[in-house]
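# Working through the structure, step by step
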Amino acid sequence: MNSFADRVVIVTGGSQGIGRAYVEAFVRDGAKVAIFDLSNPEQTANEISSDGDRVIGIRVDVTDRSQVQEAFDRTVRQFGHVDVLVNNAAFYEGLTFQPFDRITDQDWDRSMNVNVKGVWLMCSIAAPHMRERNYGRIINISSNVVFMGKTNFLHYVTSKGAVWALTNAMSREFAGTAITVNCVAPGYTITPATRNMSSPEEVAELERQILAAQSIRRLLEAEDMVGAVQYLASDSAAMVTGQTITVDGGVIVG
Ligand SMILES: NC(=O)c1ccc[n+]([C@@H]2O[C@H](COP(=O)([O-])OP(=O)(O)OC[C@H]3O[C@@H](n4cnc5c(N)ncnc54)[C@H](O)[C@@H]3O)[C@@H](O)[C@H]2O)c1
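Residues numbered from 1 in each chain as written. Predicted model: local features only at pLDDT ≥ 70, side-chain atom pairs only at ≥ 80, totals over all residues. Heavy atoms only, no water.

## Some words on the pairing of strand β2 (residues 32–37)
We count it as follows: The buried label applies to any residue whose accessible area, calculated with a 1.4 Å probe on protein chains only, is under 20% of its type's maximum; exposed applies above 50%, and partly exposed to all values in between. For the purposes of this entry, the term helix denotes a DSSP run of H or I that reaches at least four residues, the term strand denotes a run of E that reaches at least two, and both are numbered from the N terminus. Should DSSP find at least two bridges between two strands, the strands are taken to pair. Here the term right-handed applies to a crossover when the path leading from its first strand over the helix to its second strand runs clockwise, the strands being oriented away from the viewer.
β2 sits mainly inside the fold: 5 of its 6 residues count as buried. Across 5 bridges, the pairing between strand β1 (residues 8–12) and β2 is parallel. Paired with Val 11 across the two strands is Ile 35, which belongs to β2. In terms of handedness, the path from β1 via helix α1 (residues 17–28) over to β2 forms a crossover that is right-handed. Pairing of β2 with strand β3 (residues 55–59), which is carried by 5 bridges, proceeds in the parallel orientation. For Ala 34, the partnering residue across the bridge sits in β3 and is Ile 56.

## With respect to helix α2 (residues 41–48)
As a reminder of what qualifies: In this description, one arc is meant: the one made by directions from the helix axis to the C-beta atoms. Two residues form a contact once any of their heavy atoms are found within 4.5 Å.
Where α2 is concerned, the buried positions are Pro 41, Thr 44, Ala 45 and Ile 48. Projected onto a plane normal to the axis of α2, the buried residues spread over an arc of 100 degrees and lie on a single side. Against the buried residues of α2 lie α1, β2 and β3.

## Concerning the pairing of β3
Note on strand geometry: in a regular strand, side chains alternate between the two faces of the sheet. Here β3 lies mainly inside the structure; 4 of its 5 residues are buried. Remark: the β2/α2/β3 crossover connection has right-handed handedness.

## Here's the deal with the side chain of Thr 189
Quick note on the threshold: Polar contact is the term for a pair of N or O atoms within 3.5 Å; when the atoms are in protein, one must be able to donate a hydrogen and the other to accept it, and sequence-neighboring residues count only if both atoms are side-chain atoms.
Examined against the element boundaries, Thr 189 turns out to sit in strand β7 (residues 189–190). Here Gly 187 takes part through its backbone oxygen, which lies 2.7 Å from a polar atom of the side chain of Thr 189.

## Topic: the site of the ligand
Quick note on the threshold: Any residue with a heavy atom positioned within 4 Å of a molecule or strand is treated as near that molecule or strand. With residues, only the protein chains shown are counted as cover, and all accessible areas are computed by Shrake-Rupley using a 1.4 Å probe. Following the grouping adopted for this structure description, the nonpolar residues are Ala, Val, Leu, Ile, Met, Phe, Trp, Tyr, Cys and Pro, the charged ones are Asp, Glu, Lys and Arg, and the polar ones are all others, Gly among them.
The full set close to the ligand counts 27 residues, and Gln 16, Asp 37, Tyr 92, Tyr 156 and Thr 189 are the nearest of them. Contacts to the ligand include Gln 16, whose side-chain N or O atom sits 2.7 Å from an oxygen atom. The contact in question runs from an oxygen atom of the ligand to an N or O atom on the side chain of Thr 191, over 2.9 Å. Burial of the ligand by the protein chains amounts to 95% of its free accessible area of 830 Å². Elements represented by at least two residues in the shell around the ligand include exactly α1, α6 (154–173) and α7 (192–195). Within the shell around the ligand, the residues separate by chemical class into 13 nonpolar, 11 polar and 3 charged.

Spelled out as structure tokens, the structure:
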């Protein structure tokens, strides 16, 4: 297809799960990709392509300004520029389902730090470069739980609500440029993280309930998210900004 030839894409949290599906798709379609991840970015990059001119993995904590700046600069040095930023990294594996008044300060702070501050920081570091080139596609990954609520998961739901609000507000701050800021809100998707969230019995029951709520009755897989992200990253979406595409098999409508 090569529809992303000459494009340079950063995917945060691209080492596994849905993020890895974005990386594989962009590489397949001609882009050069930098994976920013806390765990295994170099190994993932090597597995996807042994050609270091196509994909690089950089170990970076998206909550750390100096690490993000260094990784961004390295990407520009390696690939020449950055066109697309997919803010996919998030912390939720390891969070426990708790009534909101029993959530620990530690879980609350870490959710906000990775899921919200990480997105803001990545955008802040990318913004001067994108403004200078008057080109950029920022795609922030939220969740459909923002639009329906999810009991006992207030830290995560609140953090993803902030990502949705941040997207809308930030799109206005790029007014007068050709830089777009959009959001994709996945529904429940099978990844190592979701399968490890609870006991196998609890996961099976959750998946039964989710299937019943979807109009399209099969569980989502990581590859199901690729189309929406690639559309927002493409030139076809040049006039789309401040928008959210929900990809959840029809749980949320309207
Ligand atoms: N899987 C789902 O059901 C689902 C549903 C709705 C939204 N989402 C969102 O989609 C995205 C991907 O989900 P997933 O299931 O593939 O997640 P995942 O947990 O499998 O992957 C997240 C990745 O982010 C990385 N990461 C975490 N903290 C980081 C940090 N501080 N700095 C850099 N990297 C960090 C992890 O190492 C991991 O590789 C997340 O934003 C998630 O909130 C997922």
